[in-house]
Amino acid sequence: MHSHVFFLARDPVSVPIARRRVRARVVDWGVRLDEDSRLALDTVTSELVANAVQHSCRPMLTVAVHTNVRQRRALVEVYDGSTALPRRRRAGADAESGRGLELVEHLAVAHGAERTEQGKRVWAELALPDQPVTRRQILAGPRRAVRAALRSLGRRGRPPIRTPHHSGTTRPAVPAR
């Protein structure tokens, strides 16, 4: 799991900055985004930050992004100084605003908002595409499976399996003739 937190001024120019920083951080972590997940990540980040810029009363915002590749999820959080929770509005056909929460609802797997001691936290969880398996994951996989099986056997009252102690060599011992 990866996490990153950063601060931005409560200013409309912070919206594209937040969008670029969130996406760059996710990509830096080695997460591969397809076109749909990139668009969802950019749009949700933009909407959450734009709402915080519009409704907060404090000069700074806090933005956090977390990813869990195994669960194929990304979480974007925005903290601001307003205690007013977002609510869905009906936007007219010609309205230039009022559709942000509807977009977040459509693009996110889950979303929410809650009051904090300093204002509120608004968040959205997004699905990530399948990720390619790395060599490190392949090599770590069998070891984890063996450890889990050994722990399971140990809990059932059976004696744990002891692995033979090796004297630091990587080659098996050859019997003397």
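Everything discussed here concerns the structure shown above.
Predicted, not measured: the structure shown is a model, and the values here were computed from it.

A.B. asks: Any details on the overall build of the protein? Residues and values, ideally.
C.D. replies: Helices and strands together make up the secondary structure of the protein, namely four helices and five strands. From first element to last, N terminus to C terminus, the protein shows the α and β order β-α-α-β-β-α-β-β-α. Out of the 177 residues belonging to the protein, those deemed buried represent 31%. Put simply, 65% of the contacts in the protein that link residues at least 6 apart link residues at least 24 apart.

A.B. asks: Any chance you could break down the packing of helix α2 (residues 35–55) against helix α3 (residues 100–107) for me, citing the residues and the numbers?
C.D. replies: Interhelical geometry of α2 versus α3 gives an angle of 145° and a closest axis separation of 10 Å. For the element pair α2 and α3, the recorded crossing hand is left-handed. Residues A40, T43, V44, E47 and L48 of α2 pack against G100, L103, V104 and L107 of α3. Along the lines of polarity and charge, the residues of the contact of α2 with α3 split into six nonpolar, two polar and one charged.

Each value, and the rule that gives it
- Residues numbered from 1 in each chain as written.
- Predicted model: local features only at pLDDT ≥ 70, side-chain atom pairs only at ≥ 80, totals over all residues.
- Heavy atoms only, no water.
- Helix = DSSP H or I, 4+ residues; strand = E, 2+ residues; numbered from the N terminus.
- Buried < 20%, exposed > 50% of the residue type's maximum accessible area, 1.4 Å probe, protein only.
- Contact = heavy atoms within 4.5 Å.
- Axes fitted to C-alpha atoms, helices over the stretch in contact; angles between N-to-C directions.
- Left-handed = near helix turned anticlockwise from the far one by under 90°.
- Nonpolar A, V, L, I, M, F, W, Y, C, P; charged D, E, K, R; others polar.

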